Amino acid sequence: MDRIVVSGNGPLRGDVTVSGSKNATLALMAAALLGEGRTRLENVPRLRDVDTMLEILRALGAEADWDPDCQDSLWIDPEGVHSPEAPYELVRKMRASFLVLGPLLARFGRARVSEPGGCAIGVRPVDQHLKGFQALGAKVRLERGYVEASAVRLRGGSVAFDLSTVNGTQNVMMAACLAEGETVLENCAREPEVVELAHVLQRMGAEIHGVGSDRLSIQGVSGLRGVSHRVSGDRIEAGTMLIAGLATRGLVRVLGVDPAVMDSTLQKLRECGAEIEVGVDSVQAGIRGPLRPVRVATAPFPGFPTDMQAQLMALLCLAEGASVVSERVFENRFMHVPELKRLGADIALSDRTAHVTGVRGLSGAQVMATDLRASAGLIVAALAAEGDTTVNRVYHIDRGYERIEQKLRGLGAEIRREA
Ligand code: UD1
């Protein structure tokens, strides 16, 4: 099993171009099932999760592959879908696979999708997705680990989500695009990946109003067409790189990302003492004074992203004073805490809150990656630590960060992968 060895060796400096957003890509790949004809996506990150989604689409009968002439593009042609059934062996690898359910149900009238797996960061039920499909008239059955949904044709309905769910909003929004009549979705997630999906669906021919707000109204249409789209830069990768720069007291500029979607992260980094310079599609962060402690609570967009929590916590381990980090989105997302402590961090956990007392320095050790963003947090800490850190089980990081060692090496890090 691969591991990453990091030798903490001083400040990261330079420019790094972020890849396309993983989470946006996965939803857009599912949306391609709705279109008649091919959909082509550009600026797609070469990640294990994207390959898993390609495998799922192919298992359904779609044609889908990377473009041989263009490293970061892929295409999907759903015309051959013959079996609207997504098997356990694939869905268990990645929770976002469940996003195929809405499009399959809407386009083919039936879908059978295994209950999802993915990162072990909490229970992560799909009740809100199912509530939405039922409101659109689908019959939903849970049977032996599979969700079966069917409807001759979905009809518009009203859904008020009980909580803010990104994939739930996306799944039900996609289904509603082909339902008969109007659907109103309330308490929708407003993450940039929901907005990007809505914009692409509009270009496919969908009628969606209220995009960017928590209330969407969707007028169903009888068909959608395939489109070409360039996926936007990954805000989480960008934030991770900036934090890695700050943890090593370096100066890092990320390119290829819209700073507007990083607002809450940048705000928190400023509170920590970072000096941030924002360009049209770039952000630079450096620090001259002390690294200050902060209080932070994760929340749905536009709040501080749960996907940045582990990385920020790694940074706060080195702040001059005591920080408080509350996790409000997932109930079990502190698995990086014992690993950060192995590097010398001072963190006390109580329920969903971590009290982080800054230490003078961290020191290299053997640690274990437990989930995608936890691994990123460990790499941030390792870059700032004295000596060598070995991060085991790095397959988690390959789910969400494209060529991370190469990119960090480009900023001056001493980091290598060992088989
Ligand atoms: C997406 C992102 C993930 C991010 C998360 C929150 C993708 C592929 N993944 O995950 O990186 O961390 O948003 O920003 O886009 N919930 C329910 N019932 C449901 C659905 C969700 O109770 O039917 C709960 C979850 O357990 C969690 C909370 O709602 O506590 C938010 O989850 P959700 O926004 O749905 O996360 P994902 O869409 O799975």
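Residues numbered from 1 in each chain as written. Predicted model: local features only at pLDDT ≥ 70, side-chain atom pairs only at ≥ 80, totals over all residues. Heavy atoms only, no water.

A. Inspection of the domain arrangement of the chain at higher detail. Domain parsing of the chain yields domain 1 (3-18 + 233-418) and domain 2 (22-230). Relative to domain 2, the C-alpha centre of domain 1 lies at a distance of 30 Å. Across the contact, 22 residues belong to domain 1 and 23 residues belong to domain 2. Interface area for domain 1 against domain 2, summed over the two sides, is near 1800 Å², with a carbon-plus-sulfur share of 50%. Counting the surface domain 1 buries against domain 2, the share from its top three residues, Phe301, Arg399 and Glu402, is 36%. The interface formed by domain 1 and domain 2 contains two salt bridges. Measuring nitrogen to oxygen at the nearest pair gives 2.8 Å for the salt bridge that ties Glu193 to Arg235. (Domains from an automatic or database assignment. Contact = heavy atoms within 4.5 Å. Buried area = accessible area lost by both parts, 1.4 Å probe. Salt bridge = Lys/Arg side-chain N within 4 Å of Asp/Glu carboxyl O.)

B. Region of the structure containing the sheet that holds strand S14 (residues 215-219). Pairing is mixed in the open sheet, where four strands are placed in the order S11-S12-S14-S13. Of all the strands in the sheet, the pair left with one neighbour each is strand S11 (158-160) and strand S13 (207-209). For this sheet the average axis-to-axis angle between neighbouring strands, irrespective of direction, equals 15°. Looking at chain direction, S13 and S14 are connected through three bridges and run antiparallel. (Pairing = 2+ DSSP bridges. Helix = DSSP H or I, 4+ residues; strand = E, 2+ residues; numbered from the N terminus. Axes fitted to C-alpha atoms, helices over the stretch in contact; angles between N-to-C directions.)

C. Representation of the packing of helix H1 (residues 22-31) against helix H2 (residues 48-60) in the model. For the pair H1 and H2, interaxial distance at closest approach is 10 Å and the crossing angle is 5°. One way to sum up the angle between H1 and H2 is to call them roughly parallel. Residues Lys22, Thr25, Leu26, Met29 and Ala30 of H1 pack against Asp49, Val50, Met53, Leu54 and Leu57 of H2. Taken together, the residues of the contact of H1 with H2 break down into seven nonpolar, one polar and two charged. (Parallel < 35°, antiparallel > 145°, perpendicular 65-115°, else oblique. Nonpolar A, V, L, I, M, F, W, Y, C, P; charged D, E, K, R; others polar.)

D. Here's a closer look at the confidence of the model for the chain. Across the chain, the average pLDDT comes to 95, with 98% of residues at or above 70. Across residues 118-123, confidence stays below pLDDT 50; counting only partners more than four residues off in sequence or on other chains, it has 20 contacts. (pLDDT = per-residue confidence, 0-100.)

E. Structural context of the side chain of Asn171. Position of Asn171 among the secondary structure elements: in helix H6 (residues 166-177). When its relative accessible area of 0% is taken as the criterion, Asn171 is described as buried. A polar side-chain atom of Asn171 sits 3.1 Å from the main-chain carbonyl oxygen of Phe98. Each residue touching Asn171, except ones within four places of it in the same chain, is listed here: Phe98, Leu99, Leu101, Gly102, Pro103, His129 and Phe133. (Buried < 20%, exposed > 50% of the residue type's maximum accessible area, 1.4 Å probe, protein only. Polar contact = N/O pair within 3.5 Å; in protein donor to acceptor, adjacent residues only side chain to side chain.)

F. Region of the structure containing the site of the ligand. Taken together, the neighbourhood of the ligand is formed by 19 residues, with Asp127, Gln128, Thr165, Asp307 and Val329 sitting nearest. Asp127 places a side-chain nitrogen or oxygen 2.7 Å from a nitrogen atom of the ligand. Within the complex, the protein chains bury 89% of what would otherwise be the 740 Å² of accessible surface of the ligand. Counting only elements with at least two residues in the shell around the ligand, the list comes to helix H5 (127-135) and H6. Ranked by residue count, the leading element in the shell around the ligand is H5, at three residues. Per-class residue counts for the shell around the ligand are seven nonpolar, seven polar and five charged. Per-domain counts for the shell around the ligand show at least three residues from each of domain 1 (3-18 + 233-418) and domain 2 (22-230). (Near = heavy atom within 4 Å. Areas by Shrake-Rupley, 256 points an atom, 1.4 Å probe, with all protein chains shown as cover.)

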